[in-house]
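Each chain is listed here by its residues.
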Amino acid sequence: MSALPLCIMKARNYIFLIFSILIYTFFAGTAYSGDWQSTLEEKFDIVSTFDELQNWKGEASIYCYDKSKMPKKLDGSESIWDLYTNDTAAKDDWIKNHGPDYTWNGTKSVCINYMDQKDRNRDYDGWGPSRLGLFFGDSVDSTVGYSEVHVFFMVKFHAGFFAVNPDGTFADMAVTKFIEIMLGFTAPDYWGNTSEHAKACEDCRMLTDYGANNMVMNLGGGGLSFPNRLTFRENSFLGHYYTNGKYFNGSYTDCWGWKFERNSIFRGLDWSSEYKADKWVGLEIIMKTGTKDTQTGSIRLKVYNEAGSLISEDSHDLQIMLRGLDHKYNKFIFGGNKNSASEPQTNENRYYVDDFIIDDQLIGPTYFALLSGSQPPEPEPEPEPEPEPDIKPKSVQGSMSQP
């Protein structure tokens, strides 16, 4: 049998090469999307891309800590999520593919959906939990956690979330909890070790929800002060031992509680252009406890655009971030309650989260490098803080009320 002509052999080899490349590309792309969770887990301490989870929705519950009702991994095992709140029956899955506009990367994201405290209108409630959180400490030792914690996630607010005036400026912002970070827990719903817990003021917000030291970050911007900007507002409540006095909703003696410390807006931050352009942003929150009872702590926010460029940054440096107890950060919550000044500003109360990460080092540059397939950069040292005046507003623009 004579050999095939050279031109036929070359054509056959070329066709085989093209077919092999197509097969490789298909399976490599499939493996990459499926491996994004493990890729991030190799670099960071705590990760949820939501792609690793089954579609999920919860029940109507003020506070649910039942692990059996939390999101499950695809194989049916437990996920990192430990608690949620919701005000009414779910209208749809809360974790799912929310479509190309509200799923950032991969196949799934989570919807956080507030209920406005001034209007119990269920028409715009039930599309997601009003809170979703996790505990990442130790079941016995309340000092286990991060003295410096980095929390990163991609977030996008639903179109119409922020009220806009007829002239195009943002309306005065309703008091809206965005995230909560707590210290010193030994379970998702148990603050302190057994001896500390026994000496806590008997208030459910103290014992199960907030603990003695905590930071509630509200959405900020709009109104007369910041008509063209969107930012965030820090509300820090720090530990206080009440020997004899009034605490939140009662009078207590000889117990640990929290006391208002600081309400301060991030004046140098703005991400309104991304919201107006219907874009996702990456937000990194960096908190350092410093030494308790001293002005050695800090909180820094970094905002990245979809391409991974740092577009805005601000910090509150040389602050007291911890009082009374040597606890560390070990509990985090998305969402909370929303209180409009009078009537609800809009009928849209949803935002979406994807690719949630916790670590003790800077996350953003490495995350976006991995996302683009390039080599992660070498970590850069944080800038030295500059002293800032201790300015406290006349009124506290925040609420610890439930739900």
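Here is what the cut-offs are and how they apply
Sequence order as written defines residue numbering, which begins from 1 separately in each chain. With the structure being a predicted model, the display of local features is reserved for residues of pLDDT at least 70 and the display and counting of side-chain atom pairs for 80 or more, all residues being used for whole-chain, interface and lining totals. Excluding hydrogens and water, the side-chain values take into account all heavy atoms of the structure. Note on conventions: DSSP H or I runs of at least 4 residues are helices, E runs of at least 2 residues are strands, and numbering of each starts at the N terminus. Here the term buried applies to any residue with accessible area under 20% of the maximum for its type, exposed to any over 50%, and partly exposed to those in between, with areas from a 1.4 Å probe on protein chains only. By definition in these notes, contact holds between two residues if any of their heavy atoms fall within 4.5 Å. For the area figures, the Shrake-Rupley method with a 1.4 Å probe applies, and any residue is considered shielded solely by the protein chains shown. For two strands to be treated as a pair, DSSP must find no fewer than two bridges joining them. Nine residue types can take part in a nonpolar core, namely buried Ala, Val, Leu, Ile, Met, Phe, Trp, Tyr and Cys, and a core is a set of them joined through side-chain atoms within 4.5 Å. Any carboxyl oxygen of Asp or Glu that lies within 4 Å of a side-chain nitrogen of Lys or Arg is treated as forming a salt bridge with it. Per residue, pLDDT captures the predictor's confidence, and it can take any value from 0 to 100. Two aromatic rings, drawn from Phe, Tyr or Trp (for Trp, its six-membered ring), form a pair once their centres lie within 6.5 Å of each other, and the interplanar angle then sorts them: stacked below 30 degrees, edge-to-face above 60, tilted otherwise. In our convention, an over-ring charge means Lys NZ or Arg CZ found within 6 Å of a ring centre and within 35 degrees of that ring's normal. Throughout this description, a polar contact denotes any pair of N or O atoms lying within 3.5 Å of each other; where both atoms belong to protein, one of them has to be capable of donating a hydrogen while the other can accept it, and for residues adjacent in sequence the pair is counted only when both atoms sit in side chains.

## Points about the overall build of the chain
1) Next: Of regular secondary structure, the chain possesses five helices and 21 strands.
2) Next: Residue burial in the chain is summarised as follows: out of 403 residues, 53% are buried.
3) Next: Restricting to contacts in the chain with at least 6 residues of sequence separation, those with at least 24 account for 73%.
4) Next: For the chain, the computed accessible surface area is about 18100 Å², with 53% contributed by carbon and sulfur atoms.

## Concerning the pairing of strand 21 (residues 350-359)
1) Next: Of all ten residues in strand 21, ten are buried; the element is thus mostly enclosed.
2) Next: Both strand 5 (residues 109-113) and strand 21 contribute to a ladder of four bridges, which runs antiparallel. Within strand 21, the residue paired with Val 110 across the bridge is Val 353.
3) Next: Here strand 7 (residues 148-157) pairs with strand 21 via seven bridges, running antiparallel. Residue pairing across strands places Met 154 opposite Asp 354, the latter belonging to strand 21.

## Section: the nonpolar core
1) Next: With 55 residues, the main nonpolar core has Phe 153 and Phe 178 as its most contacted residues.
2) Next: Among the elements that take part in this core, strand 7 stands out by supplying five residues, more than any other.
3) Next: Residues Phe 44, Ile 357, Ile 363 and Tyr 367 belong to the second largest nonpolar core, which totals 17 residues.

## A few points about unusual backbone geometry
1) Next: One non-glycine residue with positive phi stands out, namely Phe 50, at about 70°.
2) Next: Within the secondary structure layout, Phe 50 lies in the loop between strand 1 (46-48) and strand 2 (61-64).
3) Next: Despite not being glycine, Asp 278 has its phi angle at roughly 60°, a positive value.

## Digging into the pattern of salt bridges
1) Next: With the rule as written, the count across this model stands at eleven salt bridges.
2) Next: Ionic pairing is found between Lys 69 and Glu 59, a salt bridge with its closest N-O pair at 3.3 Å. With Lys 69 in the loop between strand 2 and strand 3 (83-86) and Glu 59 in the loop between strand 1 and strand 2, the pair connects residues that are ten residues apart, well separated along the chain.
3) Next: For Lys 69, a relative accessible area of 35% corresponds to the partly exposed category.
4) Next: The partly exposed category is assigned to Glu 59, whose relative accessible area is 45%.
5) Next: Across the pair Asp 317 and Arg 300 runs a salt bridge whose closest N-O atoms are separated by 4.0 Å. One end of the pair, Asp 317, is in strand 18 (residues 310-319); the other, Arg 300, is in strand 17 (residues 297-304), and 17 residues separate them in sequence.

## Brief notes about the confidence of the model for the chain
1) Next: Confidence in the prediction of the chain, expressed as mean pLDDT, is 85, and 80% of residues score 70 or more.
2) Next: Confidence over residues 14-34 falls short of pLDDT 50; this stretch has two contacts with residues more than four positions distant or in other chains.
3) Next: Low pLDDT (under 50) marks residues 388-399, which in the prediction has 22 contacts with non-local residues, meaning those over four places away or in another chain.

## Observations regarding the pairing of strand 6 (residues 131-135)
1) Next: Within strand 6, five of the five residues are buried, which leaves the element mostly enclosed by the surrounding structure.
2) Next: Every second residue of strand 6 is oriented toward a common face, with Arg 131, Gly 133 and Phe 135 on one face and Leu 132 and Leu 134 on the other, all of them buried.
3) Next: Taken together, the five bridges between strand 6 and strand 19 (residues 329-335) define a ladder with antiparallel strand orientation. The residue of strand 19 that forms the bridge with Gly 133 is Ile 333.

## What about the packing of aromatic side chains?
1) Next: Under the definition given, this model contains 39 aromatic pairs.
2) Next: Ring centres of Tyr 63 and Tyr 65 lie 5.8 Å apart, and the angle between their planes is 15°; this geometry places the pair in the stacked category.
3) Next: With 5.5 Å between their ring centres and 15° between their planes, Phe 232 and Trp 271 make a pair best called stacked. Of this pair, Phe 232 sits in strand 12 (residues 226-242) while Trp 271 sits in the loop between strand 15 (255-265) and helix 4 (272-276), placing them 39 residues apart in sequence.
4) Next: The ring centre of Tyr 102 lies 5.0 Å from the NZ or CZ of Lys 156, which sits over that ring.
5) Next: It is Lys 338 that lies over the ring of Phe 161; its NZ or CZ is 5.1 Å from the centre.

## Considerations on the environment of Thr 291
1) Next: Residue position: Thr 291 is located in the loop between strand 16 (281-288) and strand 17.
2) Next: Residue Thr 291 is classed as exposed on the basis of its relative accessible area, which comes to 52%.
3) Next: Note: C-alpha distance between Thr 291 and Ile 320 (29 residues apart in sequence) is 8.2 Å.

## Some remarks on the side chain of Lys 338
1) Next: Relative to the assigned elements, Lys 338 resides in strand 20 (residues 338-339).
2) Next: Here Lys 338 falls in the buried class, since its relative accessible area comes to 3%.
3) Next: Separated by 2.6 Å, the side chains of Lys 338 and Asn 349 make a polar contact.

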